[in-house]
Amino acid sequence: MNKESRFPAPKKRKAAALDGIDYKITQNMTVADRSGNNEIERLEALLEQVTDPEIPVVSIRDLGILRDISLHAGQVTVTITPTYSGCPAMSTIRADIRQTLSAAGYDDVRLKQSLSPAWTTDWMTDEGREKLRAFGIAPPQKSAQGLCAVVSPGTDVKCPQCGSEQTECISEFGSTACKALYRCLHCAEPFDYFKCI
Ligand SMILES: [Zn+2]
C-alpha cells in the first residue's frame, strides 16, 4: 500500500463540497457517506414525512420507492421508482413530495422516475415491514436470496395480530389491488397481506 492511499486528502474533499459539487444520497449509501452534509440529511428527514397515502405509517423510504436524493445549485432532484405501473398512490406521492419540499422552502424540485430495475417488495426496509405489521398488515415475504418468495394463498402468511401461521386467504384482493385479504384461524381477525411483487 503506498503512502497516498493510506492517507487520503480530506482537505481536498472538503473544498470540493464547498464548491457546490453534486451531493448525492442513494439507498445503498452508508451512514458514513451521508454524514457531513447537513442539507441532504435535512432533505432526507423531510422526505421521511412523505408516506404511502394508503398506509400512513410507512414512508416512501420504508417502501423502497425513494431511490435517490441529490442537490445541485439549489435544485433538488428526487428519484423514485413506482411500486407498479398504474398504482393510484403514486400521483399522490409525487404531489406530496413537491408539497413537503416546497413547504420547507425548496421550490426547485425535479422528480425523476427510475423504472429499471423494477421495484419489488424486497426493497422494503425491515423497519417498514415492522411498521406494516404494527399497523395490522402482514408484510410481504422476503426470501433468503433477496428475491420475493412466492406465497401460495393460505401458507406462510403470519397473522400481524397474534403471529399465528394458521391463516387463510379469503380474497386475492384486499382493500387495494396490492393487498390480499386474509383471516387468522387462531384469533379470527381478518387482515390485509401486502402481496409480494
Ligand atoms: Zn391472529
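Please read these numbers as outputs of a predicted model, since none were measured by experiment. (Residues numbered from 1 in each chain as written. Predicted model: local features only at pLDDT ≥ 70, side-chain atom pairs only at ≥ 80, totals over all residues.)

1. Considerations on the environment of Gly128
Following the sequence through the fold, Gly128 ends up in helix H7 (residues 126-135). In the structure, Gly128 is positioned 65 residues away from Leu63 in sequence and 6.4 Å away in space, judged by C-alpha atoms. (Helix = DSSP H or I, 4+ residues; strand = E, 2+ residues; numbered from the N terminus.)

2. Focus on the nonpolar core
Grouped together as the largest cluster of nonpolar side chains are 34 residues, with contacts concentrated most on Leu47, Ile60, Ile65, Ala138, Phe191 and Tyr193. Put simply, the parts of the chain that give this core at least two residues each are helix H4 (38-47), helix H5 (60-63), strand S2 (66-72), strand S3 (75-80), helix H6 (89-103), strand S5 (137-138), strand S7 (179-184) and strand S8 (190-194). Among the elements that take part in this core, H6 stands out by supplying 4 residues, more than any other. Two domains each put at least three residues into this core: domain 1 (3-119) and domain 2 (122-194). Not counting the four nearest positions on each side in its chain, Leu47 is found in contact with Ile60, Arg61, Leu66, Ile69, Val78, Ile97 and Thr100. (Core = buried A, V, L, I, M, F, W, Y, C linked by C-beta atoms within 7 Å. Buried ≥ 20, exposed ≤ 12 C-beta atoms within 10 Å, placed from the backbone. Domains from an automatic or database assignment. Contact = placed C-beta atoms within 7 Å.)

3. Comments concerning the environment of Asp96
Looking at the secondary structure, you find Asp96 in helix H6. A tally of 18 C-beta atoms within 10 Å means that Asp96 is categorised as partly exposed. Distance from Asp96 to Gln49, taken between C-alpha atoms, is 9.1 Å for residues 47 residues apart in sequence.

4. Side note on H6
Counted at 1.5 Å a residue, the expected span for H6 with its 15 residues is 21 Å, and the 21 Å between its end C-alpha atoms agrees. Listing the buried residues of H6 in full gives Ala89, Ile93, Ile97 and Leu101. Viewed along the axis of H6, the buried residues span an arc of 95°, placing them on a single side of the element. Opposite its buried face, H6 presents the exposed residues Ser91, Gln99, Ser102 and Ala103, each directed more than 90 degrees away. Each element contacted by the buried residues of H6 is listed here: H4, H5, S3 and strand S4 (109-113). (Expected span 1.5 Å × (residues − 1). Arc of directions from axis to C-beta.)

5. Observations regarding H4
Among the residues of H4, those classed as buried are Ile40, Leu43 and Leu47. When H4 is viewed along its axis, its buried side chains cluster within an angular range of 60° and face the same direction. In H4, the exposed positions that point more than 90 degrees away from the buried face belong to Asn38 and Ala45.

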